[in-house]
Amino acid sequence: MTDFIFHHDGQRLPQGGPGTIPVLMYGAAPLRRRTGSIGGPVRSTVRRLGVPVPERAHDLLTVAMAVTAADTFASRETPDGQKEAADGWTRNLRLRIPLANPTPWHPLRPLLEEALHFLSGDLWTLEFLPDGPQRPAPQRRGARIRLHGHDGVCLFSGGLDSAIGVLDLLADGRKPILVSHSYRGDAEKQESVWGSLPIKVSRFAANAYPESRLGYPNDVQMRTRSFNFLAFGALVAATLAQRELVPEPVDLIVPENGLIALNPPLTARRIGALSTRTTHPHFLGLVQRLFDELGLPVRITNPYAKKTKGEMLRGCADQATLVRIARETVSCGKWKRTGKQCGKCVPCLIRRASFHAAGMRDPTPYEPTNRDLAAVLPREEAADDLMALVLAAGRLPTTDVARWVGRTGPLPTDMAERQALLDVAQRGMAEVEDYLNSLGLIP
């Protein structure tokens, strides 16, 4: 087990050692070796809202910061390169998190531990303590994030789905505040797409900025990033409700196509390490329960849970703007490593298939060596994701869809809802199958 001890006062943190990692909350930098820090830039972004934020929403943000730190700093390997866990994946993590008001969190511990286990595949033990970080004082002067005139919140990653989500909302007369994880590299793309929108809306862009002096690389999977993303969104949405600017509950919109949200495993070995659940309906349902139990007047909705990516492209209500900005959007799972969209990872391949399905030209500047997928397939070291999709698409006509989709998590008990999700997974993979067939890649 790895113990994480958090505090916002560096003098209150113990010395780190084997199996114990102290982390400075909302700190600018790690204090010493064997320590970490997280959330340095976040408090200034919260201050820019210009009003006091709800205490429980701020405590949710603190919990999300702690979870992100643990997910980032806990290595899945020993110093000699061996896998830490017997199954090569599962970590055992214990977090001691001080909050401004821990009382409402104690009964919610099992629910949150369940949600995090589903999200990352790890075993989480959470302890909520008093004397946590207080809400920052609102910024009174300078550039502040405008709240008035907005009617909800929309997560905005700079990806193709989130861009379509915003364009559809604006075309429908809605004005959401956009909430972004502004990690290095992503921020420039997000700024470009945001600046090209036909109607100007406010944007809350924060960087958790986890830093460590632990002597080994951070974990790059960051499976829990969507919990952090949702916490950012809930903070802004709850603030809108507290100021009585939007009727309760305030919409927190998560634009994600149904196939990626369900993310059924392409092969048997992808159930764990290679099958993320960041926007799976079951996970979003668990987080909604958490919000409800905390008394946060926030309603999570994914309006595209029953649409494929190709259907999203084809049905976008503002085709003119979409054509103009699609090139700037990012879908690639390896984008942060190179600053280029590789063209051969699963998200890139689904993106390419969606343009084909929509009958639209794909303007994405993929890595030149991967533009011709027929040339990628023989390169064994580069073709893992492509081969997995080729095999999965080839099996589609004989696949038991209910069993396949159910392997990533529970589906709704309502039969109509359940069938709609099974159908979107099948249609999404059919888009991929049709695209790969068009290239002559499916035997």
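This structure is a prediction, so every number in the text was calculated from the model and none was measured.

Enquirer: Now, about the pairing of strand S2 (residues 20–27): what can you tell me, with residues and values included?
Expert: Counting buried positions along S2 gives seven out of eight residues, so the element sits mostly inside the fold. In this sheet, S2 lies alongside strand S1 (residues 2–7) in parallel orientation, the contact comprising five bridges. Bridge assignment links Phe4 to a residue of S2, and that residue is Ile21. Pairing analysis gives four bridges linking S2 to strand S3 (residues 36–39), with the strands arranged parallel. In the strand pairing of S3, Val23 is matched with Gly36.

Enquirer: I'd like a description of the packing of helix H12 (residues 346–358) against helix H16 (residues 415–438), backed by residues and values.
Expert: Here H12 crosses H16 at 85°, and the two axes come no closer than 8 Å. The orientation of H12 relative to H16 falls into the category roughly perpendicular. Where H12 abuts H16, its residues Ile350, Arg352, Ala353, Ser354, His356 and Ala357 lie against Glu431, Val432, Asp434, Tyr435 and Ser438. When grouped by side-chain class, the residues that make up the contact of H12 with H16 number five nonpolar, three polar and three charged.

Enquirer: How would you sum up the nonpolar core? Please name residues and give values.
Expert: Counting 77 residues, the largest nonpolar core has Phe4, Leu95, Phe204 and Phe227 as its most contacted members. Counting residues per element, this core draws most heavily on helix H6 (residues 225–242), at twelve residues. What Phe204 contacts, discounting residues up to four positions off in sequence, is Thr45, Val46, Leu49, Ile145, Ile177, Leu178, Val179, Ser180, Phe232, Leu235 and Val236. One finds Leu266, Val346, Leu389 and Val405 within the second-largest nonpolar core, a separate group that totals 32 residues.

Enquirer: I'd like a description of the sheet that holds S1, backed by residues and values.
Expert: What holds strands together in a sheet is hydrogen bonding between their backbones, with the strands either parallel or antiparallel. The sheet built from six strands is open, its strands ordered S5-S4-S1-S2-S3-S9 with mixed pairing. In this open sheet, the two edge strands, each paired with only one partner strand, are strand S5 (123–129) and strand S9 (211–212). Here helix H2 (residues 55–73) sits on the sheet in contact with S1, S2, S3, strand S4 (92–98), S5 and S9, set at roughly 135° to S2.

Enquirer: Run through unusual backbone geometry, naming residues and quoting values.
Expert: Trans peptide bonds make up most of the peptide bonds, and negative phi angles are found at most residues other than glycine. For the bond running from Glu248 to Pro249, omega is -5°, close enough to zero to count as cis. Inspection of the secondary structure puts Pro249 in the loop between H6 and strand S10 (250–253). The phi dihedral of Tyr26 falls on the positive side, at around 55°, and the residue is not glycine. Structurally, the position occupied by Tyr26 is in strand S2. We classify Tyr26 as buried; its relative accessible area is 11%. Of note, Glu244 is a non-glycine position whose phi angle comes to about 60°, a positive value. The topology assignment puts Glu244 in the loop between H6 and S10. A relative accessible area of 73% places Glu244 in the exposed class.

Enquirer: Would you mind going over the packing of aromatic side chains in detail, with residue names and values included?
Expert: Enumeration according to the criterion identifies three aromatic pairs in this entry. For the ring pair Phe4 and Phe6, a centre distance of 6.2 Å and an interplane angle of 15° mean the geometry is stacked. Lying across the ring of Phe118, Arg277 places its NZ or CZ 4.5 Å from the centre.

Enquirer: Help me get a handle on the pattern of salt bridges, residues and values and all.
Expert: One pass over the structure, following the stated rule, counts 14 salt bridges. With a closest N to O distance of 2.5 Å, Arg91 and Asp71 form a salt bridge. Placement of Arg91 in the loop between H2 and S4 and of Asp71 in helix H2 is noted, with a sequence separation of 20 residues between them. The salt bridge partner of Asp251 is Arg299, with a shortest N-O separation of 2.8 Å.

Enquirer: Summarise a positive patch on the surface; cite the residues concerned and give the values.
Expert: Together, Arg327, Lys340, Arg361 and Arg371 make up a region of like positive charge exposed at the surface. In this fold, Arg361 is placed in the loop between H12 and helix H13 (373–376).

Thresholds, definitions, all that
Residues numbered from 1 in each chain as written. Predicted model: local features only at pLDDT ≥ 70, side-chain atom pairs only at ≥ 80, totals over all residues. Heavy atoms only, no water. Buried < 20%, exposed > 50% of the residue type's maximum accessible area, 1.4 Å probe, protein only. Helix = DSSP H or I, 4+ residues; strand = E, 2+ residues; numbered from the N terminus. Pairing = 2+ DSSP bridges. Axes fitted to C-alpha atoms, helices over the stretch in contact; angles between N-to-C directions. Parallel < 35°, antiparallel > 145°, perpendicular 65-115°, else oblique. Contact = heavy atoms within 4.5 Å. Nonpolar A, V, L, I, M, F, W, Y, C, P; charged D, E, K, R; others polar. Core = buried A, V, L, I, M, F, W, Y, C linked by side-chain atoms within 4.5 Å. Phe/Tyr/Trp six-rings, centres within 6.5 Å; stacked < 30°, edge-to-face > 60°. Lys NZ or Arg CZ within 6 Å of the ring centre and 35° of its normal. Salt bridge = Lys/Arg side-chain N within 4 Å of Asp/Glu carboxyl O. Patch = residues over 30% accessible without salt bridge, like charges linked within 9 Å, V, L, I, M, F, W, Y side chains within 5 Å. Areas by Shrake-Rupley, 256 points an atom, 1.4 Å probe, with all protein chains shown as cover. Lys, Arg positive; Asp, Glu negative; His and termini not counted. Charge placed at Lys NZ, Arg CZ, Asp CG, Glu CD.

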